[in-house]
Amino acid sequence: MRAFVLGLTLTLSLLAHPARAGEVLLQQTLAVTLGGQEVGTMEALDVRTKSGTSLSRITKLSVQRGATKNEMTTETVVTLAPDGAPQGYRYARTDKSGTLVTEGRIAGDKLELITTQNGARVKNTVAIPAGSTFALALEHETRTHLKDGVSLERNVVLEEMGAPVAMKVTVKGQGAGFLICSTFANLTTDEEVDAAGRTIV
């Protein structure tokens, strides 16, 4: 799972997700710690049904600095067709400034976006390379096809930014699990997962 909050550590948590209809492909909750103190959670839930696959990531953070308490919740949901083709996504971020919601879908070589915040609604279209998918969809593809030596290069849309980037993902066998290395925009992240694609911390 991508995490762009610097200085935070993920640890396994035994929190349960509510049950959903369909085949659960990935279900995991990680605790987020800062300086040894738990400050939130990151939840992943991937579910496949006859109509397609839903990929959900929810992050909840609450950080106290002196008398100031900052809270933020983000939720990303990507939907895929039964054949894995990207259908659309919804990204929502709630903090003290309110709630920002971005909904996007890929139409050929265009990314169509609708952003809503504080009652304002803005439509935007961004040119993207043909054959692009969503970053979360590539993460899902990688976790469900784990094999030593796998290398994937895709043009993806970063859901939280509504921006297209080129991403490369490699998989290396490591003990009983795998090491997933993702590179985009001069940023590289490494993540250890088990044979079922669950993050190891």
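Okay, so let's go over this structure. Owing to the predicted nature of the structure, the values given are computational and were not obtained by experimental measurement.

Some thoughts on the pairing of strand β8 (residues 110–117)
For strand β7 (residues 98–107) and β8, the ladder comprises 8 bridges, and the chain directions are antiparallel. Looking across to β8, one finds that glutamate 103 is bridged to isoleucine 114. One ladder, built from 8 bridges, connects β8 with strand β9 (residues 120–127); its direction is antiparallel. Across the sheet, residue leucine 111 finds its bridge partner in β9, namely valine 126.

Considering empty space enclosed by the protein
With the rule as written, the count across this model stands at 1 cavity of 30 Å³ or more. In this structure, the largest cavity spans a volume of roughly 50 Å³. Of all the elements in the fold, those that place two or more residues in the lining of the largest cavity are β2 (23–34) and α1 (135–144). With 3 residues, the single largest contributor to the lining of the largest cavity is α1. In terms of residue class, the lining of the largest cavity is built from 3 nonpolar, 3 polar and 2 charged.

Observations regarding the environment of valine 78
Secondary-structure assignment places valine 78 in strand β5 (residues 68–80). Separated by 48 residues in the primary sequence, valine 78 and leucine 30 place their C-alpha atoms 20 Å from one another.

Here's the deal with the packing of aromatic side chains
Throughout the structure, instances matching the rule amount to 1 aromatic pair. With a centroid separation of 5.2 Å and an interplanar angle of 70 degrees, the aromatic rings of tyrosine 89 and phenylalanine 134 are classed as edge-to-face. One end of the pair, tyrosine 89, is in strand β6 (residues 86–95); the other, phenylalanine 134, is in strand β10 (residues 133–134), with 45 residues separating them in the sequence.

Notes on the pattern of salt bridges
Enumeration over the complete set of coordinates arrives at 11 salt bridges. One salt bridge connects aspartate 109 with lysine 110, and the closest N-O pair in it is separated by 3.8 Å. Relative accessible area serves as the criterion here: at 39%, aspartate 109 is assigned to the partly exposed category. As a salt-bridge pair, glutamate 139 and arginine 143 come within 3.1 Å of each other at their nearest N and O atoms. Of this pair, glutamate 139 and arginine 143 both sit in helix α1, 4 residues apart, roughly one helical turn. We note that glutamate 139, like arginine 143, is buried. Salt bridges sharing partners connect three or more residues here, namely Asp46, Arg57, Glu139, Arg143 and Glu191.

Comments concerning the nonpolar core
Within the largest apolar cluster, 14 residues are counted, with the highest numbers of intra-cluster contacts made by Leu138, Leu146, Val156, Leu158, Met167 and Ile180. When residues of this core are assigned to their parent elements, the largest contribution, 4 residues, is made by strand β12 (residues 163–174). Leaving out residues up to four positions away in the same chain, valine 156 has contacts with Thr133, Phe134, Ala135, Leu138, Ala163, Pro164, Val165 and Met167.

Section: the pairing of strand β4 (residues 52–65)
For a regular strand, side chains alternate in direction, first toward one face of the sheet and then toward the other. Burial analysis of β4 places 10 of its 14 residues in the buried class, the great majority of the element. Bridge count between strand β3 (residues 37–49) and β4: 10 bridges; the pairing is antiparallel. Across the sheet, leucine 45 pairs through a bridge with serine 56, a residue of β4. Between β3 and the antiparallel strand that follows it, β4, lie 2 residues. Here β4 runs beside β5; their pairing, made up of 13 bridges, is antiparallel. Across the sheet, residue isoleucine 58 finds its bridge partner in β5, namely glutamate 75. Two successive antiparallel strands, β4 and β5, enclose a turn made up of 2 residues, where glycine 66 displays a positive phi of approximately 65 degrees.

Concerning the side chain of threonine 199
Position of threonine 199 among the secondary structure elements: in the segment after β14 (187–193). Polar side-chain contacts of threonine 199 include one of 2.5 Å to the side chain of glutamate 191.

Rules used throughout
Residues numbered from 1 in each chain as written. Predicted model: local features only at pLDDT ≥ 70, side-chain atom pairs only at ≥ 80, totals over all residues. Heavy atoms only, no water. Pairing = 2+ DSSP bridges. Helix = DSSP H or I, 4+ residues; strand = E, 2+ residues; numbered from the N terminus. 1 Å grid on protein atoms, 1.4 Å probe; cavity = no way out; pocket = protein on both sides within 12 Å on 5 of 7 lines; lining within 4 Å. Points joined across faces, edges and corners; volume = space filled by probe spheres on them. Nonpolar A, V, L, I, M, F, W, Y, C, P; charged D, E, K, R; others polar. Phe/Tyr/Trp six-rings, centres within 6.5 Å; stacked < 30°, edge-to-face > 60°. Salt bridge = Lys/Arg side-chain N within 4 Å of Asp/Glu carboxyl O. Buried < 20%, exposed > 50% of the residue type's maximum accessible area, 1.4 Å probe, protein only. Core = buried A, V, L, I, M, F, W, Y, C linked by side-chain atoms within 4.5 Å. Contact = heavy atoms within 4.5 Å. Polar contact = N/O pair within 3.5 Å; in protein donor to acceptor, adjacent residues only side chain to side chain.

In short, geometric facts, not functional conclusions.
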